[in-house]
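# Analysis of the macromolecular model
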Amino acid sequence: MDYVSTRNRERKVSAAYAIANGIAPDGGLYCPTSFPALTEADWKTLAESDYKGRSALILGKFLTDFTAEELADFAAKAYADEKFGGADTAPVVKLSEGKNLLELWHGPTCAFKDMALQMLPHLLTASLRKTGETRTACILVATSGDTGKAALDGFHDVPGTKIMVYYPVGLKASAGGRAFRQHPHGYGGCGGAPHGGCAPHPVALCGDRKRRTAPLSYSRAGTQGGV
């Protein structure tokens, strides 16, 4: 499976390259060149698997330069029972006849963004190894609250990475702002802008190849640039 920029479909890169670099050189996001179809056997396996198994199977369809064993290991670590309050990572709760609710708040920060940001560190560090990158990776996060905390928690014990959180100036004196600044495994940066106004700064930095001295990855509202 190859990936191309939303601004240039001619240059194809591997999944590991897309994850390691975050944003394409032209400022676009990396997208897969095609969307794989699930076979009857795939659907049967999904129905019989837990969340860890399902995530490994689906990721394997898109991340073809990762082995099935690698992805299964990443899923087991990312969605470990102790992180999500048990084996049922994302339970479906019946509200009434014909109405069901998928609960995505059982992660370590009670944010749905834990679903992505507990897996991302494993994919990123593996991608850095696969692409031969030896420098420390810096993750830039623009947030108004839960994205930053989920990203900090996801990367808090990941070797070879650092994380910087940009948040609105109004959060500086709040509990959330203090949490970002005082987190032992990250850097807190205060943006002088209201909700959403911080986003252009890390995006611009990720796209500035002349000023970059380390691999940069950008996350906003739970979506990592390039994935």
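Reading the values: rules and limits
- Residues numbered from 1 in each chain as written.
- Predicted model: local features only at pLDDT ≥ 70, side-chain atom pairs only at ≥ 80, totals over all residues.
- Heavy atoms only, no water.
- Helix = DSSP H or I, 4+ residues; strand = E, 2+ residues; numbered from the N terminus.
- Buried < 20%, exposed > 50% of the residue type's maximum accessible area, 1.4 Å probe, protein only.
- Polar contact = N/O pair within 3.5 Å; in protein donor to acceptor, adjacent residues only side chain to side chain.
- Contact = heavy atoms within 4.5 Å.
- pLDDT = per-residue confidence, 0-100.
- Phe/Tyr/Trp six-rings, centres within 6.5 Å; stacked < 30°, edge-to-face > 60°.
- Lys NZ or Arg CZ within 6 Å of the ring centre and 35° of its normal.
- Pairing = 2+ DSSP bridges.
- Expected span 1.5 Å × (residues − 1).
- Arc of directions from axis to C-beta.
- Axes fitted to C-alpha atoms, helices over the stretch in contact; angles between N-to-C directions.

This paragraph deals with the side chain of glutamine 118. With respect to the element layout, glutamine 118 can be found in the loop between helix H5 (114-117) and helix H6 (120-130). The class of glutamine 118 is buried, set by a relative accessible area of 2%. Engagement of the side chain of glutamine 118 in a polar contact is seen with the side chain of lysine 83, the distance being 3.0 Å. Leave out the neighbours within four places in its chain, and glutamine 118 touches Ala78, Lys83, Phe84, Pro108, Asp153 and Gly154.

For the chain, per-residue confidence averages 79 on the pLDDT scale, and 70% of positions sit at 70 or higher. Below a pLDDT of 50 lies the segment residues 218-227, which in the model reaches 39 contacts outside its immediate sequence neighbourhood of four places, other chains included.

Turning our attention to the packing of aromatic side chains. Here the structure, examined in full by the defined rule, presents five aromatic pairs. Between the aromatic rings of phenylalanine 35 and phenylalanine 62, the centroid separation amounts to 6.0 Å while the plane-to-plane angle is 75°, which identifies the pairing as edge-to-face. In this pair, phenylalanine 35 sits in the loop between strand S3 (30-32) and helix H2 (40-48) while phenylalanine 62 sits in helix H3 (residues 51-62), placing the two residues 27 residues apart along the sequence. Residue class for phenylalanine 62 comes out partly exposed when judged on its relative accessible area of 22%. Note on phenylalanine 66 and phenylalanine 74: the rings are 6.4 Å apart at their centroids and 75° apart in plane angle, and the pair reads as edge-to-face. Among the aromatic residues, those joined into a cluster by ring pairs are Tyr51, Tyr79 and Phe84. One cation-aromatic arrangement involves lysine 130 over phenylalanine 66; the distance from NZ or CZ to the ring centre is 4.9 Å.

One ladder, built from two bridges, connects strand S1 (residues 3-5) with strand S2 (residues 8-13); its direction is antiparallel. When the bridges of S2 are listed, serine 5 appears paired with asparagine 8. Turn length for the S1-S2 hairpin, with the two strands adjacent in sequence and antiparallel, is two residues.

Let us now look at H3. For H3, which comprises twelve residues, the first-to-last C-alpha distance of 17 Å matches the rise-based estimate of 16 Å (1.5 Å per residue) to within 8%. Buried within H3 are the following residues: Lys52, Ser55, Ala56 and Leu57. In this structure, the buried residues of H3 make contact with H2 and helix H4 (68-78).

Okay, H4 next. Taken together, the buried positions of H4 are occupied by Leu71, Phe74, Ala75 and Ala78. Along the axis of H4, the buried residues cluster in a sector spanning 100°; they form a single face. Looking at the packing, one finds that the buried side of H4 touches H3 and H6.

Positive phi outside glycine occurs at cysteine 110, with the angle close to 60°. Under the relative-accessibility criterion, cysteine 110 is labelled exposed at 56%.

It is worth spelling out the sheet that holds S2 at this point. Spatially, S2-S1-S3 is the arrangement adopted by the three strands of the open sheet, whose pairing is antiparallel. The open sheet has two edge strands with one neighbour each: S2 and S3. Shown here is a sheet whose adjacent strand axes are inclined to one another by a mean of 40°, direction ignored. Sheet analysis places S1 next to S3, joined by three bridges and oriented antiparallel. The residue bridging tyrosine 3 from the neighbouring strand is proline 32, located in S3.

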